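Chain by chain, the residues:
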Amino acid sequence: MVINDAIQLTVTITLFVLSYIFYKINVSFCCFFILVAVFTTRNTPVNLASMAIERYIAICEPLRHSHICTARRTYIVIGLIWFICVAPDITDLFVTLATESLSFFHESVFCLRQNVFKDPILAYKRQAFDIIYFSCVFLTLVFTYLRILFAARALSTEKVSAQRARNTILLHGAQLAMCMLSYISPSVEIVLHLIFPGRILEIRFANYLIVYILPRFLSPIIYGVRDKKFRKYLKIYFLSNRCSVKLHKVAVQDKDSM
């Protein structure tokens, strides 16, 4: 998931910067950037669902966890996730190749999805797949959370582990809710553009920060700060920096007094 988010942020930031500098870019390059951004964006909620299932197996089926969640099966699941997320959106490219002339791919446009994949059928198809994906992911998170909650109440041991898994799934749910903002952001963008005409670049920048950057910011918090070893060294780092700042201030005061 970290690699997926890193790719997503790299591609979207690059596209954002290019749009600010050149405004219009070649359609072929735009297609590549948009498809990679869409694939990785769609990957995030599916990754959240798969990790929630892994936590469910670890808490509710602890004896079978090592047999079910093997390295080989993990690679298979990762490949399956990418296939599920790539297959629906790669058809946009095929439809565009079939309906547009080759000269269209040599033109320059402002790089938005609707400016490149213009067939109205594709918009309805995207809405349908968005509803299917996020419904499945939402139901998966609710199911795993409830099962882990009941397991934590029933078991007298491993309550700490069950509580941590439950909290992780709750954070996944919050991250999923923030990811779902990307499906209402186009409508919000239109409304804000009507209210603040001439501020479209500022609106898109704020939309990008809230919809794409903020949800990905949760990943290092969930899997970094909550890790005991990482948290321990993070505290040491901040304490050492604080001490060095205080020593520097004392040294400066001693020099001034002399």
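A. Local environment of the overall build of the protein chain. Helix and strand content of the protein chain: ten helices and two strands. Written out in order from the N terminus, the α and β elements of the protein chain read α-β-α-α-α-β-α-α-α-α-α-α. The burial tally for the protein chain puts 33% of its 258 residues in the buried class. Entry remark: accessible area of the protein chain is about 16300 Å², with carbon and sulfur atoms responsible for 70%.

B. Summary view of the packing of helix α1 (residues 2-22) against helix α2 (residues 27-60). Where α1 contacts α2, the axes come no closer than 9 Å and their chain directions differ by 145°. Two packed elements cross with a definite hand, and for α1 against α2 that hand is left-handed. Residues Asn4, Asp5, Ile7, Gln8, Val11, Thr12, Thr14, Leu15 and Leu18 of α1 touch α2, and the partners they reach there are Phe33, Ile34, Val36, Ala37, Thr40, Thr41, Asn43, Thr44 and Asn47.

C. Expanded view of a nonpolar patch on the surface. On the surface, Ile13, Val17, Tyr20, Ile21, Phe22, Leu201, Phe205, Leu209, Ile210, Leu214 and Phe217 cluster together into a nonpolar patch covering about 1000 Å² of accessible area. Put simply, the parts of the chain that give the nonpolar patch at least two residues each are α1 and α9 (200-225). The dominant element in the nonpolar patch, judged by the number of residues it contributes, is α9, at six residues. Relative accessible area serves as the criterion here: at 54%, Phe22 is assigned to the exposed category.

D. Region of interest: the state of the cysteines. Inspection of the entire model under this criterion finds one disulfide. Here Cys30 is linked by a disulfide to Cys111, with a sulfur-sulfur distance of 2.0 Å. As the torsion about the S-S bond is roughly 100°, the Cys30-Cys111 disulfide counts as right-handed. Of this pair, Cys30 sits in helix α2 while Cys111 sits in the loop between β2 (108-109) and α5 (113-116), and the two are 81 residues apart along the sequence. Grouping residues by exposure puts Cys30 and Cys111 together as buried. Of the cysteine sulfurs around Cys31, a residue in no disulfide, the closest is that of Cys30, at 6.1 Å.

E. How the structure looks around the packing of aromatic side chains. All told, the structure shown has four aromatic pairs when counted by the stated rule. Between the aromatic rings of Tyr56 and Phe143, the centroid separation amounts to 5.7 Å while the plane-to-plane angle is 55°, which identifies the pairing as tilted. A residue pair is termed long-range when its members are at least 10 positions apart, and Tyr56 in helix α2 and Phe143 in helix α6 (residues 120-154) qualify at 87 residues. Exposure remark for Tyr56: the relative accessible area of 16% places this residue in the buried category.

F. Up close: the side chain of Arg126. Counting through the fold element by element, Arg126 comes out in helix α6. Taking the relative accessible area as the measure of exposure, Arg126 reaches 14% and is therefore buried. Beyond its immediate sequence surroundings of up to four residues, Arg126 is in contact with Asp92, Arg113 and Phe117.

G. Layout of the nonpolar core. The biggest cluster of nonpolar side chains holds 21 residues, and the ones touching the most others in it are Val27, Ile34, Val116 and Phe117. Those elements that place two or more of their residues in this core are α1 and α2. Ranked by residue count, the leading element in this core is α2, at ten residues. Once you skip the residues sitting within four places of it in the chain, Phe117 turns out to touch Cys31, Ile34, Leu35, Asp92, Leu93, Thr96, Leu122 and Arg126.

H. Focus on the pattern of salt bridges. Tallied over the full model, the rule gives five salt bridges. For the salt bridge of Arg42 with Asp89, the shortest nitrogen-to-oxygen distance reads 2.8 Å. Of the two residues, Arg42 sits in helix α2 while Asp89 sits in helix α4 (residues 71-99), which places them 47 residues apart along the sequence. By relative accessible area, which is 4% here, Arg42 ends up buried. Judged by relative accessible area, which is 1%, Asp89 ranks as buried.

Cut-offs and rules
Residues numbered from 1 in each chain as written. Predicted model: local features only at pLDDT ≥ 70, side-chain atom pairs only at ≥ 80, totals over all residues. Heavy atoms only, no water. Helix = DSSP H or I, 4+ residues; strand = E, 2+ residues; numbered from the N terminus. Buried < 20%, exposed > 50% of the residue type's maximum accessible area, 1.4 Å probe, protein only. Areas by Shrake-Rupley, 256 points an atom, 1.4 Å probe, with all protein chains shown as cover. Axes fitted to C-alpha atoms, helices over the stretch in contact; angles between N-to-C directions. Left-handed = near helix turned anticlockwise from the far one by under 90°. Contact = heavy atoms within 4.5 Å. Patch = residues over 30% accessible without salt bridge, like charges linked within 9 Å, V, L, I, M, F, W, Y side chains within 5 Å. Salt bridge = Lys/Arg side-chain N within 4 Å of Asp/Glu carboxyl O. Disulfide = S-S within 2.5 Å. Phe/Tyr/Trp six-rings, centres within 6.5 Å; stacked < 30°, edge-to-face > 60°. Core = buried A, V, L, I, M, F, W, Y, C linked by side-chain atoms within 4.5 Å.

Honestly, it's all geometry; don't read function into it.
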